[in-house]
Amino acid sequence: MAKRFLTTLSDGRLAVTQINGDDPDGTKLAKTLFELSRDGSDMTTHFDSAAHTLKAIAGGMPGHMPLACRECDDTDLPADRADRNLGNPTFRDAWEDTGTAVQTNMPKARLIHMGRIRSERDAALSALDVPFMRAVEAGDAAAQQRIAAEKQALRDIPQTFDLDGYATPEALGAAWPDGLARP
């Protein structure tokens, strides 16, 4: 049976580590945390189960940030975790461990979602560049004006599409600007 462990990383992201099979002395978990705790200054030290215990990793070691973890159940994780495989939005990088539960930090989730919207908006803007240039070459002022208006509407999305009213990850994930293709 798989066990899951939660660790808050130095950048605020939440790592969910799954240990399959037996790990009676915590060596598999310690090795995972050892790698997650690297601060980049020492990439040559190899894991040593005698020296790199869970307690040592939690306390911090040279070249590593202190990391601790706690065990959790699948039921402790937000429901949007499973939706990743279905292509639905997930706000995994906005998850936070309160110590008793994992919840979605909605301000972070809104930033993530607006980033997705901007990415699709940028692709839509780019797709209008060639038709606009063709309209310029053809001297088609009406097409130029129409495309320019479309491009301006796309540029305005971050200012006009307000995500503040969405209070749950599910509602936020369903929110999408009209006229913008959804991935």
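The numbers attached to residues start from 1 for each chain and follow its sequence in the written order. It should be noted that, the model being predicted, local features are given only for residues of pLDDT at least 70 and side-chain atom pairs only at 80 or more, the latter also being counted only at that level, while totals for whole chains, interfaces and linings use all residues. Water and hydrogen atoms were dropped before computing side-chain values, which therefore reflect all heavy atoms in the structure.

Engineer: Which residues make up helix H5 (residues 141-160), and what values go with them?
Structural biologist: The way it works is that DSSP assigns letters per residue, a run of H or I at least four long becomes a helix, a run of E at least two long becomes a strand, and they are numbered from the N terminus. Under the convention used throughout, the expected extent of a helix is 1.5 Å for every residue step, that is, one less than its residue count. The terminal C-alpha atoms of H5, which comprises 20 residues, lie 27 Å apart, in line with the 28 Å expected from a rise of 1.5 Å per residue. What we call the bend at a residue is the angle made by axes fitted to the seven residues finishing there and the seven residues starting there. The largest bend in H5 comes to about 25 degrees, at Leu154, with the proline Pro158 one to four residues further on. For the exposure calls, accessible area comes from a 1.4 Å probe over protein chains only, and a residue counts as buried if that area is under 20% of its type's maximum, exposed if over 50%, partly exposed in between. Where H5 is concerned, the buried positions are Ala143, Ile147, Lys151, Leu154, Ile157 and Pro158. Two residues qualify as a contact provided that any one of their heavy atoms is within 4.5 Å of a heavy atom in the partner residue. Buried residues along H5 sit in contact with helix H3 (106-127) and helix H4 (129-138). Where H5 begins, one side-chain oxygen reaches toward the backbone nitrogen of Ala142, 3.3 Å away; that side chain belongs to Asp140. The term polar contact refers here to a pair of N or O atoms within 3.5 Å; inside protein, the definition further demands a hydrogen-donor-capable atom paired with an acceptor-capable atom, and it admits residues adjacent in sequence only when both atoms are side-chain atoms.

Engineer: Describe the sheet that holds strand S2 (residues 14-19), listing the residues and the values that go with them.
Structural biologist: Spatially, S2-S1-S3 is the arrangement adopted by the 3 strands of the open sheet, whose pairing is antiparallel. Bordering the open sheet on either side are S2 and strand S3 (70-72), each of which pairs with just one other strand. Across the sheet, the axes of successive neighbouring strands diverge by a mean angle of 35 degrees, strand direction being ignored. With 3 bridges connecting them, strand S1 (residues 3-8) and S3 associate as antiparallel partners. The residue of S3 that forms the bridge with Leu6 is Arg70. Pairing between two strands requires that DSSP report at least two bridges joining them. Angles here are taken between N-to-C directions and fall from 0 to 180 degrees, while the axes themselves are lines fitted to C-alpha atoms, restricted in helices to the stretch in contact.

Engineer: Tell me what's going on with the packing of H4 against H5, and back it up with residues and numbers.
Structural biologist: Packing of H4 against H5 leaves a shortest axis separation of 9 Å and a crossing angle of 155 degrees. What the angle tells us is that H4 and H5 run roughly antiparallel. Regarding H4 and H5, the two cross each other, and that crossing is left-handed. Here Asp129, Pro131, Phe132, Ala135 and Val136 of H4 lie close against H5, whose contacting residues are Ala143, Gln144, Ile147, Ala148 and Lys151. Note on residue categories: nonpolar means Ala, Val, Leu, Ile, Met, Phe, Trp, Tyr, Cys or Pro, charged means Asp, Glu, Lys or Arg, and polar means any other residue, Gly included. By residue class, the composition of the contact of H4 with H5 is 7 nonpolar, 1 polar and 2 charged. Every angle not falling under 35 degrees, over 145, or within 65 to 115 is termed oblique; those three ranges are roughly parallel, roughly antiparallel and roughly perpendicular. Should the near helix be turned anticlockwise from the far one by less than a right angle, the crossing is termed left-handed; should it be turned clockwise, right-handed.

Engineer: Kindly report on the pattern of salt bridges, identifying the contributing residues and their values.
Structural biologist: Side-chain pairs of opposite charge can arise whenever the charged atoms involved come near each other. Whenever Lys or Arg places a side-chain nitrogen within 4 Å of a carboxyl oxygen from Asp or Glu, that contact is recorded as a salt bridge. For the structure on display, the rule yields 7 salt bridges. Across the pair Arg70 and Asp97 runs a salt bridge, and its minimum N-O distance is 2.9 Å. Pair noted here: Arg70 is in strand S3 and Asp97 is in strand S4 (residues 95-97), with a separation of 27 residues, a long-range link.

Engineer: Which residues make up the environment of Asp156, and what are the values?
Structural biologist: Relative to the elements of secondary structure, Asp156 occurs in helix H5. Among the residues examined, Asp156 registers a relative accessible area of 30% and is labelled partly exposed. Taking the C-alpha atoms as reference points, Asp156 and Thr168, separated by 12 residues in sequence, lie 25 Å from one another.

So, to be careful, I would describe these as geometric facts and stop short of saying anything about function.
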